[in-house]
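Single-letter residue listing:
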Amino acid sequence: MRDGSGAGDEQADSLRADSLRAASLRADRLEADRQPAEERAGDERASSQQASSKEASNERAGAGVRSVHLALDVLEAIALSGDELGVTQIADRLAVTKGAVHRHLHTLVERGYLTRNPTTARYALGPKSRLLARFSPQTDLVQAADAPMRALRDRLGHTAVLSAMTPRGALVLATVAGASTIEIGVRPGSELPFHASAQGKVLLAFAPPPVKERVLARPLEAFTARTVVDRARVEAELARIVQQGYATAPEEVVVGINVMAAPVFDARDGCIGALAVVGSIRVLPEEPNPDTVTSLQGYARQLSRRLAQPRRVP
């Protein structure tokens, strides 16, 4: 039989054991709480590092895209100038520093896309640019259009213009100056808006639906008081253009100037260009002369036949 002292010791031992177990549980809970907190902190640091890395990558990609844009701007400025250009002239035209231009000029010369005149220190198109131009399908279009454009100019007296589609509008490929002593026209390389130029309207009217949607989903700029910027009205006009086979743009880009354009089709039934005449609103009135319409459409069909278009041309 145990005495009172032994029972008390057992009770004390039991209490101490319970206390130790409770302390151990608390420590385990604290450790469990601490580990997720550290893991969360680690995850947050990793996430922050990933975001910073992604942001830096995006910045590098953005800088790369801007660099490509500038290189192409430099190439276009020289190609469309009609003459050799110096570093200062190019920088002024593009509103960038001479240092930025010079870096791209050096690369383009090294790759053969430009040449540098050692006497004048000016730049012109190089052999690779001319080689690429020879392989361009638009070269065939420009060559095929030369005779019809000259005949159209001689028939009507107006400046004849050939354009093709780019993502931003109607790109002027070639012009034949009119018979008037006051020349009215546009320079090759100019890009005309889809919704406000006769050439742009023709190209957009015969373009696939996704192209129309992309163009018309953007805000349409008003160049004059007569520019149509309402999407529904533009869509209705495009439908009329398909039906009548030509487009006009009286004073929609420049006050006092009108343009009439007709589509040019290729052998696959695609509208690859627009043949147009340009003149003052006085000699090329808003209500088109039937003879002007007939002549323009006739030479556009002639050009389409030269390109072996089999279906749309009667």
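Values in this document were obtained by computation on a predicted structure and should not be read as measured data. (Residues numbered from 1 in each chain as written. Predicted model: local features only at pLDDT ≥ 70, side-chain atom pairs only at ≥ 80, totals over all residues. Heavy atoms only, no water.)

Draft legend 1. Looking closely at the overall build of the protein chain. For the protein chain, the helix and strand inventory stands at nine helices and eight strands. In the protein chain, buried positions account for 35% of the 314 residues. In the protein chain, the proportion of contacts linking residues at least 24 apart, taken out of those at least 6 apart, comes to 56%. (Helix = DSSP H or I, 4+ residues; strand = E, 2+ residues; numbered from the N terminus. Buried < 20%, exposed > 50% of the residue type's maximum accessible area, 1.4 Å probe, protein only. Contact = heavy atoms within 4.5 Å.)

Draft legend 2. Broad picture of the packing of helix H6 (residues 198-205) against helix H8 (residues 231-244). At a closest axis distance of 9 Å, the pairing of H6 and H8 adopts a crossing angle of 80 degrees. Viewed along their axes, H6 and H8 adopt a mutual orientation that is roughly perpendicular. In this structure, H6 uses Lys201, Val202, Leu204 and Ala205 to contact H8, whose residues at the interface are Glu237, Leu238, Ile241 and Val242. Broken down by class, the residue content of the contact of H6 with H8 amounts to six nonpolar, no polar and two charged. (Axes fitted to C-alpha atoms, helices over the stretch in contact; angles between N-to-C directions. Parallel < 35°, antiparallel > 145°, perpendicular 65-115°, else oblique. Nonpolar A, V, L, I, M, F, W, Y, C, P; charged D, E, K, R; others polar.)

Draft legend 3. How the structure looks around the pattern of salt bridges. This model, assessed by the stated rule, comprises eleven salt bridges. Between Glu252 and Lys201 there is a salt bridge whose closest N-O contact spans 2.8 Å. In this pair, Glu252 is assigned in the loop between strand S6 (247-248) and strand S7 (257-265) and Lys201 in helix H6, connecting sequence segments 51 residues apart. For Glu252, a relative accessible area of 7% translates into the label buried. With a shortest N-O distance of 2.5 Å, Arg231 and Glu213 are connected by a salt bridge. Of the two residues, Arg231 sits in helix H8 while Glu213 sits in helix H7 (residues 209-216), which places them 18 residues apart along the sequence. The exposure class assigned to Arg231 is partly exposed, which follows from its relative accessible area of 31%. (Salt bridge = Lys/Arg side-chain N within 4 Å of Asp/Glu carboxyl O.)

Draft legend 4. Inspection of the sheet that holds S7 at higher detail. Strand order across the open sheet formed by six strands is S5-S4-S3-S8-S7-S6, with antiparallel pairing between neighbours. Both outer strands of the open sheet, strand S5 (191-192) and S6, are each paired with one neighbouring strand and no more. With five bridges joining them, strand S3 (residues 159-166) and strand S8 (residues 271-280) adopt antiparallel strand pairing. Across the sheet, residue Leu162 finds its bridge partner in S8, namely Leu275. Across the sheet, helix H9 (residues 290-306) touches S3, S7 and S8, and the angle it forms with S7 is around 35 degrees. (Pairing = 2+ DSSP bridges.)

Draft legend 5. Highlighting the environment of Leu114. Tracing the backbone shows Leu114 in strand S1 (residues 114-117). In this structure Leu114 comes out as buried when scored by relative accessible area, which is 2%. Expressed as a C-alpha distance, the spacing of Leu114 and Leu125, which sit eleven residues apart in the sequence, is 4.5 Å. Beyond its immediate stretch of four places on either side in the chain, Leu114 contacts Leu75, Ile78, Leu105, Leu108, Val109, Ala124, Leu125 and Gly126.

Draft legend 6. Up close: a nonpolar patch on the surface. Together, Phe223, Val253 and Val254 make up an exposed nonpolar region whose accessible area comes to about 210 Å². Relative to the helices and strands, Val254 resides in the loop between S6 and S7. On the basis of relative accessible area, Val254 is assigned to the partly exposed category, the value being 45%. (Patch = residues over 30% accessible without salt bridge, like charges linked within 9 Å, V, L, I, M, F, W, Y side chains within 5 Å. Areas by Shrake-Rupley, 256 points an atom, 1.4 Å probe, with all protein chains shown as cover.)

Draft legend 7. Layout of the nonpolar core. Within the largest apolar cluster, 27 residues are counted, with the highest numbers of intra-cluster contacts made by Val202, Phe206, Leu238 and Ile241. Of all the secondary structure elements, the ones that give two or more residues to this core are strand S4 (169-176), H6, H7, H8, S7 and S8. If you tally residues by element for this core, the top one is H6, at five residues. Once residues lying within four places of it in the same chain are set aside, the contact partners of Leu238 are Lys201, Leu204, Ala205 and Leu216. Counting residues in hydrophobic clusters, the runner-up holds 23 residues, among them Ala145, Met260, Leu284 and Ala300. (Core = buried A, V, L, I, M, F, W, Y, C linked by side-chain atoms within 4.5 Å.)

Draft legend 8. Layout of the packing of aromatic side chains. Per the counting criterion, the structure on display carries one aromatic pair. Between Phe206 and Phe265 the ring centres are 5.3 Å apart and the planes differ by 85 degrees, which places this aromatic pair in the edge-to-face class. Taken together, the positions of Phe206 in the loop between H6 and H7 and Phe265 in strand S7 put the pair 59 residues apart, joining distant regions of the chain. (Phe/Tyr/Trp six-rings, centres within 6.5 Å; stacked < 30°, edge-to-face > 60°.)

Draft legend 9. Structural detail: helix H2 (residues 87-94). Along H2, the residues that are buried comprise Val87, Ile90 and Ala91. Down the axis of H2, the buried set is contained in an arc of 100 degrees. They therefore lie on one face. Exposed residues pointing more than 90 degrees away from the buried face of H2 are listed as Asp92 and Arg93. Looking one or two residues past H2, Ala95 carries a phi angle of roughly 60 degrees, positive in sign. (Arc of directions from axis to C-beta.)

Draft legend 10. Inspection of the pairing of S8 at higher detail. The element S8 is largely enclosed, with a buried count of nine among its ten residues. Pairing of S7 with S8, which is carried by nine bridges, proceeds in the antiparallel orientation. Note that in S8 the partner of Asn258 across the bridge is Gly279. In this antiparallel pair of consecutive strands, S7 and S8, the connection spans five residues, and Asp269 shows a positive phi of 70 degrees.

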